[in-house]
Amino acid sequence: QKEVEQNSGPLSVPEGAIASLNCTYSDRGSQSFFWYRQYSGKSPELIMSIYSNGDKEDGRFTAQLNKASQYVSLLIRDSQPSDSATYLCAVNMDGNQGGKLIFGQGTELSVKP
Amino acid sequence: DTEVTQTPKHLVMGMTNKKSLKCEQHMGHRAMYWYKQKAKKPPELMFVYSYEKLSINESVPSRFSPECPNSSLLNLHLHALQPEDSALYLCASSQDRRRGNSPLHFGNGTRLTVT
């Protein structure tokens with residue numbers, strides 16, 4: 001069973017701090033990785049995608065991928081109360097199972113003013 | 001606002017009813033998906049359509065019947081549901097399911113309650 005694991009949290013950080021969210025995956029052949037943000041009662045919103053080792057930055061968000069360690073992370077700099085949400089790590093299956101996103105359980109982030 | 005539109009936003013139905021959920025996208029995507037999400041859980045894949053053909057069925061009970069009339073539309077027909085089927089039903093689309101760098105974009109979902 002291919003798995004994606006995240007700490008469920010809740011992760012609590014003060015406003016202005018860096019929030020660090022982590023994810024590991026079991027399928028070494030995985031090639032595509034995504035972070036979704038989901039506010040309570042809403043649908044998942046894509047915030048980052050990463051496909052190669054290293055860092056990818058977009059505004060206050062940085063995604064990091066290490067395929068050798070099967071590890072992907074999301075850093076949120078200058079955290080704001082509006083960042084409080086559940087963050088879902090997702091890994092895309094390849095080949096015939098392409099498009100089948102495997103989600104982690106999600107990490108609940110709370111940013112305190 | 002999302003570019004994947006789902007209707008209705010909310011639906012309450014009895015166990016003997018027949019209803020349909022609708023999804024529409026105009027991004028030219030060729031893959032469309034139905035996911036089910038229970039509270040405090042991640043989305044679970046139900047069906048994948050690729051180029052209007054059913055590609056993946058995750059062993060979903062037959063009381064859920066998907067339909068893809070054309071590349072922009074996706075329906076989910078519901079019949080004889082159980083209370084445990086109450087959940088948020090999410091539609092998503094992507095450019096091409098076989099392209100790994102083709103992220104899914106979700107609609108706002110339909111909140112379904114089965115009484």
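This is a predicted model, so every value here is computed, not measured.

Looking at unusual backbone geometry
Residue and element names in this part refer to chain B. With an omega of -10°, the peptide bond between T7 and P8 qualifies as cis. Considering the arrangement of structural elements, one finds P8 in the loop between β1 (4-7) and β2 (10-13). Unlike most non-glycine residues, K40 shows phi in positive territory, near 65°. Topologically, K40 is positioned in the loop between β4 (31-37) and β5 (44-50). Phi is positive for A80, which is not a glycine, with a value near 55°.

A word on the sheet that holds strand β7 (residues 64-70) of chain B
Residues and elements named next belong to chain B. Spatially, four strands are ordered β1-β3-β8-β7 in an open sheet, and the strand pairing comes out antiparallel. Each edge of the sheet is formed by a strand with only one pairing partner; in this case those strands are β1 and β7. Direction aside, neighbouring strands of the sheet carry axes that sit 20° apart on average. Relative to strand β8 (residues 73-79), β7 runs antiparallel, the two being bridged by five bridges. Counted as the bridge partner of N70 is L73 from β8.

Describing the interface of chain A and chain B
In this complex, chain A contributes 22 residues to the contact, which on the side of chain B involves 24 residues. In total, about 1800 Å² of surface goes out of reach between chain A and chain B, with carbon and sulfur atoms giving 51% of it. Linking chain A to chain B there are one salt bridge. Between K100 of chain A and E58 of chain B there is a salt bridge; the shortest N-O distance is 3.0 Å. For the pair chain A and chain B, the number of links is five residue pairs in polar contact (both at pLDDT 80 or more). Looking at the side of chain A that touches chain B, the elements that each hand over two or more residues are β4 (32-38), β9 (85-92) and β10 (101-103) of chain A.

The rules behind the values
Residues numbered from 1 in each chain as written. Chains lettered and ligands numbered in written order. Predicted model: local features only at pLDDT ≥ 70, side-chain atom pairs only at ≥ 80, totals over all residues. Heavy atoms only, no water. Helix = DSSP H or I, 4+ residues; strand = E, 2+ residues; numbered from the N terminus. Pairing = 2+ DSSP bridges. Axes fitted to C-alpha atoms, helices over the stretch in contact; angles between N-to-C directions. Contact = heavy atoms within 4.5 Å. Buried area = accessible area lost by both parts, 1.4 Å probe. Salt bridge = Lys/Arg side-chain N within 4 Å of Asp/Glu carboxyl O. Polar contact = N/O pair within 3.5 Å; in protein donor to acceptor, adjacent residues only side chain to side chain.

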